Each structure stands twice: as structure tokens, then as C-alpha cells.
Amino acid sequence: MSALQPVRGTHDLLPEETRRHRRVEEVAFEIARRYGFGEIATPIFEFTEVFSRTLGETSDVVTKEMYTFADRSGDSITLRPEGTAGVARAFISGGLSQHLPLKLFYRGPMFRHERPQKGRLRQFHQVGLELLGIDSPQADIEVIALGAHILDALGVRDKVTIEINTLGDGESRAAYRGALVAYLSGHKHRLSQESLERLERNPLRVLDSKDEGDRAVVTDAPLFSDYLNETSRGFFDRVLGGLEALGLAATVNPRLVRGLDYYCHTAFEFTTTALGAQGTVLAGGRYDGLIGQMGGPSTPGIGWAAGVERLSMLLDATPPTERPLAVIPLGDEDAALRLCERLRRAGFTVELGYSGNLKKRLARANKVNARAAVLVGGDELARQAVALRDLDSGEQEEVPLRSLEERLARFR
Ligand code: ATP
Ligand code: MG
């Protein structure tokens, strides 16, 4: 450990990378707005129970990954590992049940103490959304379509597959749980220590194990789809039918379970093979029991979250910055400074050539990929004019100061 290193699993985002992140976030919010979503920003830390009671006592996130500490008042505080619990807490504490249905988009950093790898960080970023108050499958269809729409707008849709499953309602889950426990109990000797504990406390979680031995056992486990009651089956069929009607190809993956406890009915993941082991870029599902279980008014909900780092790695190119104008003082620095300010206020992106001879300053202008250079000084300035050089063609002309903005308009 060195105090001059970033903490393991954290990163400084330099301008090129923040541009990719911003593009992901801005496109996501822009599309979400078209579906009627507004933005919510909850605190990045909450009382620990907000997460421990909702994500599930046996989930990976709660058992191994949370950044939890006692603050100076002795309260147990946790840096948020995900967004849904905080939004649900805000819904309850803000009395937002008057305003249903609610469509909320969020973005920002999340914190999980995981083993860092490509696409897996300890501070990472998500964009996500929650649709609260609608228990109809139409909401499920709409939020999945919205996710796909965002990937379209980012130009990465062809790299991503939509996988979907149902976890059914409470009755179906209880029936399945029984069958699963019976099956897993017959294979105890092949299960990891962790899965043995989960078998006691939350057997569904075994299906989500990343241990290879566990996965081999899980391959032959009973299928959830065989234990769905009529309501759950009908709900899922309606979701699948709606996606089909929208032309959205989704692959039913009967092994898909989510890592957190609060899900029911629809669960989905958008996955890619382009990022190695960290293949899930967007994931979510329905959580009708969550808000009631937290002590709020029983309210259905569905949502998803997407990893900004993972999506930004899928982008083909870093979004370009605008090519600036270079203003180069030839003698009268104040005149050049004034002109820079004037052009920036007129909306131009302007780089001031700070020092060196003309050649050096032009080299610097080329380095920042300037579109044109405005040379300020000498005879031209005495005539209330500047020299304007097109840095692509090399052509230079004299332009009166008063009509400079007009002349520069073609370089925007
Ligand atoms: P994984 O199986 O990859 O651990 P998860 O099920 O823990 O994912 P979610 O809690 O569903 O992930 O979070 C939603 C999305 O956030 C993920 O699909 C992923 O894109 C992103 N994400 C989750 N954890 C990390 C992390 N540690 N670093 C970077 N991105 C992450
Ligand atoms: Mg995880």
C-alpha cells in the first residue's frame, strides 16, 4: 500500500475516458427521458440496513462486498453497492407513493469490495432506472425495450444478447425451492462450502454460484419453468410476447437468477462476449416485494442497472472533442487575451498560444488539432484586423476584427 497510489480497484478517469463515460450516461438519460423518466440522485451512502435488509443476507454483495464503516456518530454506514435500495428508501422516506407511477433514472458511482479485473472495479459507475407502481407486464416490456434502445443509440446493440428468465411469484418460488433443495441435498458432497451454507439459508442463490464444481451440479438441477403456477407462466408469456411484438429477440435462459434477493417474475441480463469474463453489461428485474418488505407501502417495481465502464469499453470510438481555434499573440498579449474572451463568449472553443515563437505556437495549435489560427498583432492589428490561417488548407487572409465572428462561423 502506498498513499500515493489510488486505492486498489479505483481509477482516475482522464478526459478521454470521462468523455466515453459521459457519452454513455448522456445517451442513456436522453433515451430514458423519451420514455418519461426523470432523474433522481440519492446519497452515495446510506445506513447499512438499507442494503443489508434488502439485497439479501446471503447475497455476495452483502456478505463480501460492502464498504461498511462506523461514522463519527457511531452509525453503521455503507457506501452504496447498487442503486435500487437507495431509490426504494427515498420512495419511502419521501412519501412518494402519492405520485405513482414513478419513473426514475439514476447515475453515479457504486462501491463493491471485489477482486479487481478488467470490467470489475471497487468504485465503478452505473446508469439505472426504476419504474415504480405498475404491476403489469407492459412495464417489464417497456424497461427492457428502453435498455435495448439505449444500446442502439450507443451503437453497441449488435454486440449484446438479451437473456431473460422468470423467477415467478412467491408460490412458484416456494414450490421450486422445495424441488431445488431436494436435488441439491442429494449432491452435497460436490458443493462448495459456500453453497452448502446457501443451501441452508437461501438455496436459489446456489444457482448463481461462480464456483465450477457448483456449476456442474447446477447444470442438472430442476428447472424453474417446471414449477411456475398459472399466474406466473401467464405473466412471463405476456412479457415474451410483448418483446416479440417489438421485434426484440430475447433468449430464455432458465439458469438466469439475479444476485440479489428482491427479485420476482421477470429477470434479465444483457450480455456480451466482447469483454471476457465480465460479460453482463445491463441487468435487472421485477421486485414487487421490495418496498413493502422495507416497511413502505406495498408497491410493485421493475428496473435495471448498467455498468458504465463495461458499456464504455464497447463503444467503437471515443467521442471527438470540438476542434478549437488557436489565438496566437504576436506582440500584444492583452489584445490576444481580449480576443480569446470575446470569441469564447460568442461560443467558440479557443486555445490561447501561450509562449514561444510563431513556429512553436503553430506547432502547439496543430497538436490540439486546431481548425484555424488567429494571429493577433503587428500591422494587421494596427489596421484593426487579424490574420486568419486555415490550418487544414494553409490559406491565410486578413479579416477585419469587427467581422471576425462572421468569418469564423464556417469553422464551427
Ligand atoms: P457480476 O455478475 O458481473 O458480478 P452483478 O450481478 O454483481 O454482476 P449487478 O448488481 O446486477 O451486477 O449490477 C449491474 C451491472 O453493474 C452489471 O451488469 C455490471 O455491468 C455492473 N457492475 C457490477 N459490479 C461491477 C463492478 N465491480 N465493476 C464494474 N461494473 C460492475
Ligand atoms: Mg457481482
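Fair warning: this is a prediction, and the values are worked out from it, not measured in the lab.

So, the overall build of the protein
Then step 1. Looking only at helices and strands, the protein has 15 helices and 16 strands in total.
Then step 2. Relative to its length of 412 residues, the protein is extended, with a C-alpha radius of gyration of 28 Å against a globular reference of 22 Å.
Then step 3. Along the longest, intermediate and shortest principal axes, the C-alpha atoms of the protein span 90 × 55 × 45 Å.
Then step 4. In the protein, which comprises 412 residues, the proportion classed as buried is 50%.
Then step 5. Taking all contacts inside the protein whose residues are at least 6 apart in sequence as the whole, residues at least 24 apart take part in 68%.
Then step 6. A total accessible area of about 20100 Å² is found for the protein, and carbon and sulfur atoms account for 49% of it.
Then step 7. Between the averaged position of the 53 positive side-chain charges in the protein and that of its 57 negative side-chain charges there is a distance of 4 Å.

Quick look at helix α7 (residues 193–201)
Then step 1. Regarding α7, the residues found buried are Ser 195, Arg 198 and Leu 199. Projected down its long axis, α7 carries its buried residues within an arc of 110 degrees, all on one side. Away from its buried face by more than 90 degrees, α7 exposes Gln 193, Glu 200 and Arg 201.
Then step 2. In this structure, the buried residues of α7 make contact with α3 (60–65), α6 (170–185) and α8 (212–219).

Section: the nonpolar core
Then step 1. One finds Leu 55, Leu 180, Leu 184 and Leu 207 to be the most contacted residues of the largest nonpolar core, which totals 44 residues.
Then step 2. Residue assignment for this core shows that the elements contributing at least two residues are α2 (48–55), α3, α4 (84–93), β5 (102–111), β6 (123–132), α6, α8 and α10 (290–293).
Then step 3. The element contributing the most residues to this core is α4, with 5 residues.
Then step 4. Discounting chain neighbours no more than four positions away, the residues touching Leu 207 are Tyr 176, Leu 180, Val 218, Ala 221 and Val 257.
Then step 5. Leu 131, Leu 146, Leu 282 and Ile 302 belong to the second-largest nonpolar core, a separate cluster that totals 43 residues.

A short note on the domain arrangement of the protein
Then step 1. Annotation of the protein at the domain level lists domain 1 (15–169 + 229–314) and domain 2 (325–411).
Then step 2. Placing a centre on the C-alpha atoms of domain 1 and another on those of domain 2 gives a separation of 49 Å.

Some points on the site of ligand 1
Then step 1. Every one of the 16 residues lining ligand 1 counts as a neighbour, but Arg 112, Glu 114, Arg 120, Leu 121 and Arg 258 are closest to it.
Then step 2. Between Leu 121 and ligand 1, the recorded distance is 2.9 Å, taken from a backbone N or O atom to a nitrogen atom.
Then step 3. Where the shell around ligand 1 is concerned, the elements lending two or more residues are β6, β10 (280–286) and β11 (301–307).
Then step 4. In terms of residue count, the dominant contributor to the shell around ligand 1 is β10 (4 residues).
Then step 5. For the shell around ligand 1, a count of residues per class yields 6 nonpolar, 4 polar and 6 charged.

Calculation notes
- Residues numbered from 1 in each chain as written.
- Chains lettered and ligands numbered in written order.
- Predicted model: local features only at pLDDT ≥ 70, side-chain atom pairs only at ≥ 80, totals over all residues.
- Heavy atoms only, no water.
- Helix = DSSP H or I, 4+ residues; strand = E, 2+ residues; numbered from the N terminus.
- Rg over C-alpha atoms; globule rule 2.2 N^0.38 Å.
- Buried < 20%, exposed > 50% of the residue type's maximum accessible area, 1.4 Å probe, protein only.
- Contact = heavy atoms within 4.5 Å.
- Areas by Shrake-Rupley, 256 points an atom, 1.4 Å probe, with all protein chains shown as cover.
- Lys, Arg positive; Asp, Glu negative; His and termini not counted.
- Charge placed at Lys NZ, Arg CZ, Asp CG, Glu CD.
- Arc of directions from axis to C-beta.
- Core = buried A, V, L, I, M, F, W, Y, C linked by side-chain atoms within 4.5 Å.
- Domains from an automatic or database assignment.
- Near = heavy atom within 4 Å.
- Polar contact = N/O pair within 3.5 Å; in protein donor to acceptor, adjacent residues only side chain to side chain.
- Nonpolar A, V, L, I, M, F, W, Y, C, P; charged D, E, K, R; others polar.

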